[in-house]
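# Fold and contact review
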Amino acid sequence: MDKHYGQIVELTIRKQGFSISELARLANINRKCVYNWFNQKYLKPEIIHRVGGFIKHDFSVEFPELFTAEDFIPSEKLKVGFSQGWNNEPESERVWKDRYIDLLEKYNQLLLEQYERNI
């Protein structure tokens, strides 16, 4: 059976309750890019590794052909590299932007549920 890397990564992120907005901010990309990752059948191992670092998940379980457990041992170098990209934004702006994005995501989910009920 052929794996869909993007779906596996998405499922793992959602199971852990990790916010897509937070992941996008940590990766210093927009949310649309994260959703594009989820739609890709094959993701570069570097992307999967970075996501694993952000959400503190060992993807060697899901992708033993790409990684070993040692690949996901946290290091100080990784912690510094991950946090530098998004700290330029003031804390108050991040908080309000997060709340707004979370509210939009909830609204979109309600719209989808309403649409499915009416079909």
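Residues numbered from 1 in each chain as written. Predicted model: local features only at pLDDT ≥ 70, side-chain atom pairs only at ≥ 80, totals over all residues. Heavy atoms only, no water.

Naming follows an unreviewed UniProt entry, where the protein appears as XRE family transcriptional regulator of Mucilaginibacter pankratovii.

Our focus in this paragraph is the packing of helix α1 (residues 5-15) against helix α4 (residues 45-55). Relative placement of two packed helices is described by the angle separating their axes and the distance separating the axes. Taken N-terminus to C-terminus, the directions of α1 and α4 make an angle of 5°; their axes are 11 Å apart at the nearest point. In terms of orientation, α1 and α4 fall into the roughly parallel class. Only Ile48, Val51 and Ile55 of α4 make contact with α1, whose side of the interface consists of Tyr5, Val9, Thr12 and Ile13. Of the residues in the contact of α1 with α4, the class split is six nonpolar, one polar and no charged. (Axes fitted to C-alpha atoms, helices over the stretch in contact; angles between N-to-C directions. Helix = DSSP H or I, 4+ residues; strand = E, 2+ residues; numbered from the N terminus. Parallel < 35°, antiparallel > 145°, perpendicular 65-115°, else oblique. Contact = heavy atoms within 4.5 Å. Nonpolar A, V, L, I, M, F, W, Y, C, P; charged D, E, K, R; others polar.)

So, about the pattern of salt bridges. Enumeration according to the criterion identifies six salt bridges in this entry. Note that arginine 31 and glutamate 105 form a salt bridge whose closest N and O atoms lie 2.8 Å from each other. Separated by 74 residues along the polypeptide, arginine 31 in helix α3 (residues 31-39) and glutamate 105 in helix α6 (residues 91-118) bring together distant segments of the chain. Residue classification places arginine 31 among the partly exposed residues on the basis of a relative accessible area of 25%. We classify glutamate 105 as partly exposed; its relative accessible area is 23%. (Salt bridge = Lys/Arg side-chain N within 4 Å of Asp/Glu carboxyl O. Buried < 20%, exposed > 50% of the residue type's maximum accessible area, 1.4 Å probe, protein only.)

What follows deals with the environment of lysine 97. Tracing the backbone through its elements, the reader meets lysine 97 in helix α6. Expressed as a C-alpha distance, the spacing of lysine 97 and serine 21, which sit 76 residues apart in the sequence, is 9.3 Å.

In this structure, Val9, Ile13, Val34, Ile48, Val51, Phe59 and Phe63 are the most contacted members of the largest nonpolar core, which totals 20 residues. Broken down by secondary-structure element, the contributors of at least two residues to this core are α1, α2 (20-27), α3 and α4. Ranked by residue count, the leading element in this core is α2, at five residues. (Core = buried A, V, L, I, M, F, W, Y, C linked by side-chain atoms within 4.5 Å.)

All right, on to the packing of aromatic side chains then. On inspection of all chains with the given rule, the structure shows four aromatic pairs. Between tyrosine 5 and tyrosine 42, the aromatic rings sit 5.4 Å apart at their centres with planes inclined by 75°, giving edge-to-face as the arrangement. Here the residue tyrosine 5 occupies a position in helix α1, and tyrosine 42 occupies one in the loop between α3 and α4, the gap between them amounting to 37 residues. For tyrosine 42, a relative accessible area of 49% gives the class partly exposed. (Phe/Tyr/Trp six-rings, centres within 6.5 Å; stacked < 30°, edge-to-face > 60°.)

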